[in-house]
Amino acid sequence: MWSELTKAIATFDIPADWIGIRAVKENSTTRFVRDGLPQVNGKTSTVGAMLEVLVNGCLGYAATNSLELPSLLAAAQTAYKQALAASEWWIYPFRESQRPKMVGEYNSPFLEPLDALSPGEINDLLVRICQNLKVNDKIVQTNASASTNERETWFVSSNGSEVYQKILSLGTHYGATAQDEGIVQQRSNNGWQAHCYQGGLELLQTKDLWHRAQQIGEQAIELLTAEECPTTRTNLVLASDQMMLQIHESVGHPLEIDRILGDERNYAGGSFVNKSDFGKLVYGSPLMNITFDPTVPGEFASYSFDDTGAVATREYLIKEGVLQRGLGSLESQARAGVPGVACARACSWNRPAIDRMANLNLEPGNVSFEEAIANIEHGVYMESNRSWSIDDRRYKFQFGCEYAKLIENGKLTKTLRNPNYRATTPEFWHSLIQVADASNWQMYGTAYCGKGEPNQAISVGHGSPACVFANVEVFGGGG
């Protein structure tokens, strides 16, 4: 692949300031079983390249599904013409410094290749998960799924970049729906499709798989007779799997610099954060430490270089509650004049890279989970996201969870169903009063973070321990 791409760059007779080629080969599989019966057994393969051309301070893009030299040249010429035509109206003059030369390689860690089991063997495993979920006849539906993805990316440029990255990932999900007359409750393994990681097929059959599947079924039944979550203001404890969504929606999206600049306002909305807030805004309590970290082994959005070749490093977005930097690529950093990270990412070869989250993690505190809740006289513990709603400035939100426990005198007591909570982003993060330690820290991921026009669904990872928030409005309903 290297020889073809570097040859193409060398033979382009285009008077551009800079040219880049990002070639992608991707293979994916999806297996889905409902009530023990296979529903989906799919496999997709795609290959192509995105050509990016810099002319007179403006970037142009064109994609091709052929890696043959004539197709690459035609795409480069199209991108050149687009950049040249648009350069009369650029909003910021980009330079080659926004595309520095980078050379390197990244490979996902794995123990077993993604094809270590046949499709039939994977289906048999998913069928058995459904069987374990159905703990009695009040379980009216079960489901289990597994998705694999292998992506190879080659990035070359006219100024000498040569980057190769191979990412292997696997996502699993299973859950059960229970019904008793008019009451219906759902329980899943940490929320919808949250078990997404980089690695091989060793991620499919974990040590606690069968116990966990049975536990999910039992908890679905348990929720049928549980009390409704009370409506009150109280201490709220969120498990790591719900912290995943909380970080994603109320920290990740509002810190995307292209949203702050207004690029996403027409489709995905803007942000309550302003350019002038970086380095000054007290986003939350001093216990709030959020890092952008694509270097975590096995986390779903790990990489060594973003899709423009920028080197990925661990950086604090929020440190001791104070906003430090945004989720902005080299070009967004130049436009906004604020510090960012290596986060220009594209969902495929036929999309240009834009500002995206990668791994966004809440750093652990220094108390155990038991110590974190020990002084709570009254509170509610929630886990596993069920529903979410947040406004287009990422300011007001309301989230629902699958499963909850009442906290009384420092102990988890009775089970509660239909738990929800609402707040505003600054109010909520300022109410953070405890962060559990590294022994409680867990990471999850999702393949469905959507953004951009045309839309790009991309993988993100989030890690966090359980956290305690004071004086939060919680309420029941929505079952």
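This text follows the structure it describes.
Within every chain, residues take consecutive numbers counted from 1 along the sequence as written. Side-chain atom pairs in this predicted model are given and counted only at pLDDT of 80 or more, local residue features only at pLDDT of at least 70, and totals for whole chains, interfaces and linings cover all residues. To get the side-chain values, take all heavy atoms of the structure and skip hydrogens and water.

(A) Layout of unusual backbone geometry. Here the residue pair Glu453 and Pro454 is connected by a cis peptide bond, since its omega of -5° sits within 30 degrees of zero. Numbered from the N terminus, helices here are DSSP runs of H or I no shorter than four residues, and strands are runs of E no shorter than two. Tracing the backbone through its elements, the reader meets Pro454 in the loop between β22 (442–451) and β23 (456–464). Although it is not a glycine, Asn418 adopts a positive phi angle of roughly 55°. As for its position among the elements, Asn418 is in the loop between β19 (411–417) and β20 (420–424). For Asn418, a relative accessible area of 5% puts it in the buried group. Of note in the backbone geometry, Asn471 takes a positive phi value of approximately 55° without being a glycine. Looking at where Asn471 falls in the secondary structure, it is placed in strand β24 (residues 467–475). The cut-offs for exposure are 20% and 50% of the maximum accessible area for each residue type, with area from a 1.4 Å probe on protein chains only; residues under the lower value are buried, those over the upper are exposed, and the others partly exposed.

(B) Layout of the layout of surface pockets. The computed volume of the largest pocket comes to approximately 840 Å³. Method remark: on a 1 Å grid restricted to protein atoms, a set of points is classed as a cavity if a 1.4 Å probe fits but cannot get out and as a pocket if it is open with protein on both sides within 12 Å along at least five of seven lines; lining residues have an atom within 4 Å of a point. Lining the largest pocket are 39 residues, with Glu26, Asn149, Arg151, Ser169 and Ser459 positioned closest to its centre. The residue classification treats Ala, Val, Leu, Ile, Met, Phe, Trp, Tyr, Cys and Pro as nonpolar and Asp, Glu, Lys and Arg as charged. All others, Gly included, are polar. For the lining of the largest pocket, the class distribution of residues is 13 nonpolar, 19 polar and seven charged. Taken together, 26 residues line the second largest pocket, and the ones lying closest to its centre are Tyr61, Asp263, Glu331, Arg335 and Ile354. Grid points are joined across faces, edges and corners, and a volume is the space filled by probe spheres set on the points.

(C) Representation of the state of the cysteines. Cysteine sulfur atoms are paired as a disulfide whenever they fall within 2.5 Å. Counted by the stated rule, this structure contains zero disulfides. Cysteine Cys130 shares no disulfide, and the gap to the nearest cysteine sulfur, in Cys196, comes to 18 Å. Note on Cys467: no disulfide assigned, nearest cysteine sulfur contributed by Cys401 at a separation of 13 Å.

(D) Representation of the sheet that holds strand β16 (residues 359–362) in the model. Read across the sheet, six strands follow the order β13-β12-β11-β16-β23-β22 without closing on themselves; strand pairing throughout is mixed. The open sheet has two edge strands, β13 (322–323) and β22, and neither has a second partner. Against the sheet, helix α5 (residues 240–252) engages β11 (290–292), β12 (315–319), β16, β22 and β23, with an angle of about 120° to β23. DSSP-based pairing: two strands are paired if at least 2 bridges between them are found. Residue contacts follow a heavy-atom distance rule, with two residues in contact if any of their heavy atoms lie within 4.5 Å. Helix axes are fitted to C-alpha atoms over the stretch in contact, other axes to C-alpha atoms as well, and angles between N-to-C directions run from 0 to 180 degrees.

(E) A look at the environment of Asn375. Position of Asn375 among the secondary structure elements: in the loop between α8 (369–373) and β17 (378–390). Residues Asn375 and Arg314, spaced 61 residues apart in sequence, show a C-alpha to C-alpha distance of 34 Å.

(F) Summary view of empty space enclosed by the protein. Across all of its chains, the model carries one cavity of 30 Å³ or more by this definition. The computed volume of the largest cavity comes to approximately 70 Å³. As for the largest cavity, its lining consists of Gly20, Ile21, Arg22, Met50, Glu52, Tyr61, Phe155, Asp307, Thr308, Pro352 and Ala353. Counting only elements with at least two residues in the lining of the largest cavity, the list comes to β1 (18–34) and β2 (37–55). With three residues, β1 is the largest single contributor of residues to the lining of the largest cavity. Counted by class, the lining of the largest cavity contains six nonpolar, two polar and three charged residues.

(G) Region of the structure containing the side chain of Ser169. With respect to the helices and strands, Ser169 occurs in strand β6 (residues 162–180). Leaving out residues up to four positions away in the same chain, Ser169 has contacts with Leu114, Ser147, Thr148, Asn149, Tyr197, Gln198, Gly199 and Phe300.

(H) Representation of the pattern of salt bridges in the model. Throughout this description, the term salt bridge denotes a Lys or Arg side-chain nitrogen within 4 Å of a carboxyl oxygen of Asp or Glu. The final tally for this structure, using the stated rule, is 20 salt bridges. With its nearest N and O atoms 3.2 Å apart, the salt bridge here joins Glu227 to Lys414. On the criterion of sequence distance, the pair formed by Glu227 in strand β9 (residues 227–228) and Lys414 in strand β19 is long-range, its members being 187 residues apart. Overall, the relative accessible area of 44% leaves Glu227 in the partly exposed class.

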